[in-house]
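Structural features, examined
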There are 2 protein chains.
Amino acid sequence: MASERQTSEERARERLIDLAAEFYDQFDAGEIPYMTLPTRTKSNIEYDEDANVWVYGDRTSKRSANSVRGARKLLKAAYTIEFLARQLDEDRSSTLRELYYISESWDNEEAHFSDQDESNKLIEDLEIVSEVKREDFHMRPEESGAKLMGPLKIREQTNRGDREIHCQLDVGQGGYQIPNNPDTIEFLEHDIDFVMCVETGGMRDRLVENGFDDDYNALVVHLGGQPARATRRITKRLHDELDLPVVVFTDGDPWSYRIFGSVAYGSIKSAHLSEYLATPEAKFVGIQPQDIVDYDLPTDPLADSDINALQSELEDPRFMGDYWTEQIELQLDIGKKAEQQALASRGLDFVTDEYLPTRLDEMGII
Amino acid sequence: MASERQTSEERARERLIDLAAEFYDQFDAGEIPYMTLPTRTKSNIEYDEDANVWVYGDRTSKRSANSVRGARKLLKAAYTIEFLARQLDEDRSSTLRELYYISESWDNEEAHFSDQDESNKLIEDLEIVSEVKREDFHMRPEESGAKLMGPLKIREQTNRGDREIHCQLDVGQGGYQIPNNPDTIEFLEHDIDFVMCVETGGMRDRLVENGFDDDYNALVVHLGGQPARATRRITKRLHDELDLPVVVFTDGDPWSYRIFGSVAYGSIKSAHLSEYLATPEAKFVGIQPQDIVDYDLPTDPLADSDINALQSELEDPRFMGDYWTEQIELQLDIGKKAEQQALASRGLDFVTDEYLPTRLDEMGII
C-alpha cells in the first residue's frame, strides 16, 4: 500500500507537470495556449445505463488565452499547478479553503482567486483534465468522513507513522474516525459479512448499543446526512476490494432516497468521480414507504417540497424500475414520511430484532 | 471511576423514583398532585457575576393537575419516569428522538407526546427538578461530540468492555472520537500543557498536520461549529480535573464569539447545566478584530446580521469588560470579518510558527 500510494502521488505530480508542459509546448510552437475540458453543463452529463453512474458526454470546450478572461484562468491554473506540485514534493496537504487564501500570497495579483467558488472549480477542472483525484493532489476536504464500527482491522498511514486499529476492539463507543483521505487506509483482516451505511447518528448509536455489528458481522458506517467524499470512497473500496455487499439504511423521505442515490450512483456535480466514489451495487434497505403502511409507523405529512422532490425522483434515471416507481407512488398516495428512529415506537430492539433481519433476509443479504 | 459511575446512575434512579413518590404522597394526602419548577422565561435567567455563568433566578412556577392540560403533563412525566427508571435498570440508553417515538407505544394515549419539542422540554424539566443531568438518565444526544488529538491516555467504559486509548499513538489522523457521554471516560495519563478548542475542521486538520499538538503539548479539541454538549463537558472536565488552561480558537466574527461564549459561560437555553458544561476560565485566542488589522488578513465585509449580532454582544454580560468592548467596536469600525483559515494567506505554517505562539505567549499560556 505504501508503495501504491507513492505511485499515485508520483503520478499526480507527473500529470500536473504534463499539464504545465503542454502550455509550454503551445507557446513554443507559436500557438495561443489552451486547455480542453468536457463541457460541464447538465446537457452534457449522461446516465450511463451499463455502469449505472453519471458520466460526462462527448462535448468538450476549449479554454484559450485568446481573451483576457481566458488568459487569466490559465494563469491561475499555472500558479495552482505550481503550488500543488510543491505541496506534493514537500509531502504537505491543504484544504480547498486554504488554497483560496494562499492565492493571496502569490506575487501576480491577476492570479489571485476572486472567491472560493473559483478555486474549487479550478481544482475540479484539474481533476478532470489530469484524471487524478484531488486527494492525490493532497487537497483535503473540510468535511469529516464517517465513523466505522465493525469487525475490521485496518492500517492507516498517518503523518506520524502507521497505525493499526481494529474497528471494534481498539476504539471507543464512538468508533473509528476515518481520515479525510481514506486511501491512506489498508484493509488488513476482517470478518465482515456486509456493510451497513446508516443515515442518522441516533440510529448508528442504536445499532452499536444493540451489538448489531457483532451479532451480524456488519460494518456500520455512519453517513451523517449527505455523505462526505471520504465516506463514499471508503464504502466503494470496501465493496470492490473486499467483495462485500453494501446496504443503505435511511429515513423514509425523498431527501433520504437522494442520500442512497449519491452512495450508489453518484451525483451530477461529481460526475467525473463516479468511478471513484459510486457503488452501483449498493442496495436500499429502508425505510420504505411500504414499511410505513406495514408497521403503522409514526409519520409526518409530506410537505409541498417533499411532493416535488418525489415527483422529480420519478423522472430521475437513478430511480427507474418497478421497485422505486411503486414505492414513490405509494408514498405520494399515502402522503406521509417516516424517520428511521420511528421504529422505536415498537420498542428499542425492534430495529435489530425484527426490522433489519426481516429486510436483509428478503434481500438475500443474510 | 466505574464505581463513581455506578453511583451517579443509582442516584439518577433514586431521584426519579423520588419524584414519582412525591406524586404518590400528594395523592395520599388528598392533595392535587403538582411539581415545582424554576420559571424558565428569559426574565428569570440571570448572569451570575461571581461564577461567570447563566443561572436561574428565584422565581418558580407550579405545574398542577388541577387542569386537563396540567394533568396531562404530569401523566407524561410519570410515564417518562417509568421508562427512564426501567432503562437504567436494564443498563440501556436511548436518544431524545427515540423517547418521543417510544411514547407512541404507551398504553395510555393521553401520555403520547404531540411533538419532539414537548418530550425534549420534559427531559429538561426532569433534569432541573431532579438535579440529575440527562446523560445520567442514559439519554444520548443525537449530535456527535468532538474529536481529540494530543498527549492524553484515557480509559473509556463502553458497552463491550473498557478500552484504553492514547489520543496520539492509538488513533488515526482523524483523532479520538469522544462518546456521547464523556463521563464514561477516565483520564489515565497525560503530558498536556493546555487545551486548544478549534472551531473549524480545516484548522483542526492544519494543527494536526503541522504537529502543533506534539510541539506544544496541546490537546486539540475540534468544536465543529457550535459545540455539542459532549464537547463542552469534556472540555470542562479537562480543565477541572487536570487543572489545564483552556483556549478557544475560532473565526473572527460575532457567531464565533458566541461559540467561545458557549464554551466559557454556557447559554441561556442550558442555564441549568452551566455548572456541568461551562468553563468560565476559558480564554479566547482569536481571530481578534485587531489581528485583521495587524496581519492585514483577507476579509469579508460585515453583513447587516453580523452588525446586529455584534451590537447585541456589546450588551451581553458575557462580553463585558474592556477587551471585548474594544475588539467589537474595532470590528464595527473596520466593517470586516475574517476566517481562521485566512491565516493561510501568509503561508500554511504561519498559524503554528507565528500566530499561535505569539498569542499564547502574550496570554501567558506558553
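- You'll find chain A entered in an unreviewed UniProt entry as Type 2 DNA topoisomerase 6 subunit A, with Haloferax sulfurifontis ATCC BAA-897 given as the organism.
- Per UniProt, chain A has the following entry under Sequence similarities (unreviewed entry): "Belongs to the TOP6A family."

1. Details of the pattern of salt bridges
- Counted under the stated rule, the structure contains 58 salt bridges over all chains.
- The salt bridge partner of Arg63 of chain A is Asp125 of chain A, with a shortest N-O separation of 2.7 Å. You can see Arg63 of chain A sitting in strand β4 (residues 60-64) and its partner Asp125 of chain A sitting in helix α4 (residues 116-130), a full 62 residues away along the chain.
- With a closest N to O distance of 2.9 Å, Glu339 of chain A and Arg97 of chain B form a salt bridge. Linking Glu339 of chain A in the loop between β17 (336-337) and α13 (350-362) with Arg97 of chain B in helix α3 (residues 96-102), this pair reaches from one chain into another.
- Classification of Arg97 of chain B as partly exposed rests on a relative accessible area of 25%.

2. Examining the packing of helix α8 (residues 254-265) of chain A against helix α11 (residues 304-315) of chain A
Residues and elements named next belong to chain A.
- Contact geometry for α8 and α11: axes closest at 9 Å, N-to-C directions at 40 degrees. Considered as vectors, α8 and α11 are oriented oblique to each other. Here Pro254, Trp255, Tyr257 and Arg258 of α8 come into contact with α11, specifically with Ser305, Asp306, Ala309, Leu310, Ser312 and Glu313.
- The residue makeup of the contact of α8 with α11, split by class, is five nonpolar, two polar and three charged.

3. Section: α11 of chain A
All names here are of chain A.
- Compared with the 16 Å implied by 1.5 Å per residue over 12 residues, the 17 Å span of α11 between its first and last C-alpha is a close match.
- Among the residues of α11, those classed as buried are Asp306, Ala309, Leu310 and Glu313. One face of α11 carries all of its buried residues, which in axial projection span an arc of 100 degrees. Facing away from the buried side of α11, by more than 90 degrees, are the exposed residues Asp304 and Glu315.
- On its buried face, α11 sits against α8, β16 (300-301), α12 (322-334) and β17.

4. With respect to the UniProt feature "domain: Topoisomerase 6 subunit A/Spo11 TOPRIM" (unreviewed entry) in chain A
- The feature "domain: Topoisomerase 6 subunit A/Spo11 TOPRIM" (unreviewed entry), as annotated in UniProt, sits at residues 194-360 of chain A in this numbering.
- Summarising residues 194-360 of chain A: 51% helix, 13% strand, and an end-to-end C-alpha distance of 10 Å.

5. Here we look at a negative patch on the surface
Residues and elements named next belong to chain A.
- A contiguous patch of negative charge, built from Glu10, Glu14, Asp18, Glu22, Asp25 and Asp28, is present on the exposed surface.
- Turning to its location among the elements, Asp28 is positioned in helix α1 (residues 2-28).
- On the basis of relative accessibility, which here comes to 62%, the residue Asp28 falls in the exposed class.

6. Observations concerning the interface of chain B and chain A
- Each partner contributes to the interface: chain B provides 52 residues, whereas chain A provides 52 residues.
- When chain B packs against chain A, close to 4,400 Å² is buried across both sides, 41% of that on carbon and sulfur atoms.
- Linking chain B with chain A are 14 salt bridges, by the criterion used here.
- Note that Arg140 of chain A is salt-bridged to Glu209 of chain B, the shortest N-O span being 3.2 Å.
- Counting across the chain B and chain A interface gives 38 residue pairs in polar contact (both at pLDDT 80 or more).
- Looking at the side of chain B that touches chain A, the elements with two or more residues in it are α2 (68-89), β5 (94-95), α3, β7 (147-149), β8 (152-158), β9 (161-166) and α5 (201-209) of chain B.
- Sort the elements by how many residues they give to the side of chain B that touches chain A and α5 of chain B lands first, with six residues.
- Partitioning the side of chain B that touches chain A into residue classes produces 14 nonpolar, 21 polar and 17 charged.

7. Considering the UniProt feature "domain: Type II DNA topoisomerase VI subunit A all-beta" (unreviewed entry) in chain A
- Within this numbering scheme, the UniProt entry marks residues 142-191 of chain A as carrying the feature "domain: Type II DNA topoisomerase VI subunit A all-beta" (unreviewed entry).
- When the span residues 142-191 of chain A is considered, its composition is 0% helix and 48% strand, and the gap between its end C-alpha atoms is 32 Å.

8. A short note on the environment of Asp193 of chain B
Residue and element names in this part refer to chain B.
- Tracing the sequence through the fold places Asp193 in the loop between β11 (185-190) and β12 (194-198).
- Here Asp193 falls in the partly exposed class, since its relative accessible area comes to 42%.
- Note: C-alpha distance between Asp193 and Val55 (138 residues apart in sequence) is 31 Å.

9. As for the environment of Ala51 of chain B
- Note that Ala51 of chain B resides in the loop between β2 (45-48) and β3 (53-56).
- Distance in space between the C-alpha atoms of Ala51 of chain B and Glu275 of chain B is 9.0 Å, their sequence separation being 224 residues.

10. Some details on the packing of aromatic side chains
- According to the stated counting rule, one finds 36 aromatic pairs over all chains in the structure shown.
- Directly above the aromatic system of Phe350 of chain A lies the positively charged group of Arg346 of chain A, at a separation of 5.4 Å from the ring centroid.

11. Remarks on unusual backbone geometry
Residue and element names in this part refer to chain A.
- Following Gly286, the chain continues into Ile287 via a peptide bond in cis, with omega recorded as -5 degrees.
- By the secondary structure assignment, Ile287 is in the loop between β15 (283-286) and α10 (289-294).
- For Asp243, which is not glycine, the phi dihedral falls at a positive 60 degrees.
- Mapped onto the elements of the fold, Asp243 is located in the loop between α7 (229-242) and β14 (246-249).

12. Topic: the sheet that holds strand β15 (residues 283-286) of chain B
All names here are of chain B.
- Reading across from one edge, β10-β7-β13-β12-β14-β15 is the order of the six strands in this open sheet, with mixed pairing throughout. The open sheet has two edge strands, β10 (176-177) and β15, and neither has a second partner.
- When β12 meets strand β13 (residues 218-222), the two strands line up parallel, connected through five bridges. The residue of β13 that forms the bridge with Met196 is Val220.

13. Topic: the domain arrangement of chain A
Residue and element names in this part refer to chain A.
- Each domain of chain A was delimited in the assignment, giving domain 1 (1-140) and domain 2 (147-363).
- For domain 1 and domain 2, the distance between their C-alpha centres works out to 32 Å.
- Contact with domain 1, which involves 20 residues of that partner, is made by 23 residues of domain 2.
- Where domain 1 abuts domain 2, roughly 2,000 Å² becomes buried across the two surfaces, and 61% of that area is made up of carbon and sulfur atoms.
- Here domain 1 and domain 2 share three salt bridges between them.
- A salt bridge links Glu127 to Arg229; the nearest nitrogen and oxygen atoms lie 3.0 Å apart.
- The tally of links from domain 1 across to domain 2 stands at four residue pairs in polar contact (both at pLDDT 80 or more).
- Secondary structure elements with two or more residues in the side of domain 1 that touches domain 2: α1, β2 (45-48), β3 (53-56) and α4.
- Of all the elements, β3 adds the most residues to the side of domain 1 that touches domain 2, at four residues.

14. Some points on the pairing of strand β13 (residues 218-222) of chain A
Residue and element names in this part refer to chain A.
- A large share of β13 lies buried, amounting to five of its five residues.
- The two faces of β13 match: Ala218, Val220 and His222 on one face and Leu219 and Val221 on the other face are all buried.
- Bridge count between strand β7 (residues 147-149) and β13: two bridges; the pairing is antiparallel. Across the sheet, residue Met149 finds its bridge partner in β13, namely Val220.

Calculation notes
- Residues numbered from 1 in each chain as written.
- Chains lettered and ligands numbered in written order.
- Predicted model: local features only at pLDDT ≥ 70, side-chain atom pairs only at ≥ 80, totals over all residues.
- Heavy atoms only, no water.
- UniProt positions renumbered as here; feature names shortened; annotations may be inferred.
- Salt bridge = Lys/Arg side-chain N within 4 Å of Asp/Glu carboxyl O.
- Helix = DSSP H or I, 4+ residues; strand = E, 2+ residues; numbered from the N terminus.
- Buried < 20%, exposed > 50% of the residue type's maximum accessible area, 1.4 Å probe, protein only.
- Axes fitted to C-alpha atoms, helices over the stretch in contact; angles between N-to-C directions.
- Parallel < 35°, antiparallel > 145°, perpendicular 65-115°, else oblique.
- Contact = heavy atoms within 4.5 Å.
- Nonpolar A, V, L, I, M, F, W, Y, C, P; charged D, E, K, R; others polar.
- Expected span 1.5 Å × (residues − 1).
- Arc of directions from axis to C-beta.
- Patch = residues over 30% accessible without salt bridge, like charges linked within 9 Å, V, L, I, M, F, W, Y side chains within 5 Å.
- Areas by Shrake-Rupley, 256 points an atom, 1.4 Å probe, with all protein chains shown as cover.
- Lys, Arg positive; Asp, Glu negative; His and termini not counted.
- Charge placed at Lys NZ, Arg CZ, Asp CG, Glu CD.
- Buried area = accessible area lost by both parts, 1.4 Å probe.
- Polar contact = N/O pair within 3.5 Å; in protein donor to acceptor, adjacent residues only side chain to side chain.
- Phe/Tyr/Trp six-rings, centres within 6.5 Å; stacked < 30°, edge-to-face > 60°.
- Lys NZ or Arg CZ within 6 Å of the ring centre and 35° of its normal.
- Pairing = 2+ DSSP bridges.
- Domains from an automatic or database assignment.

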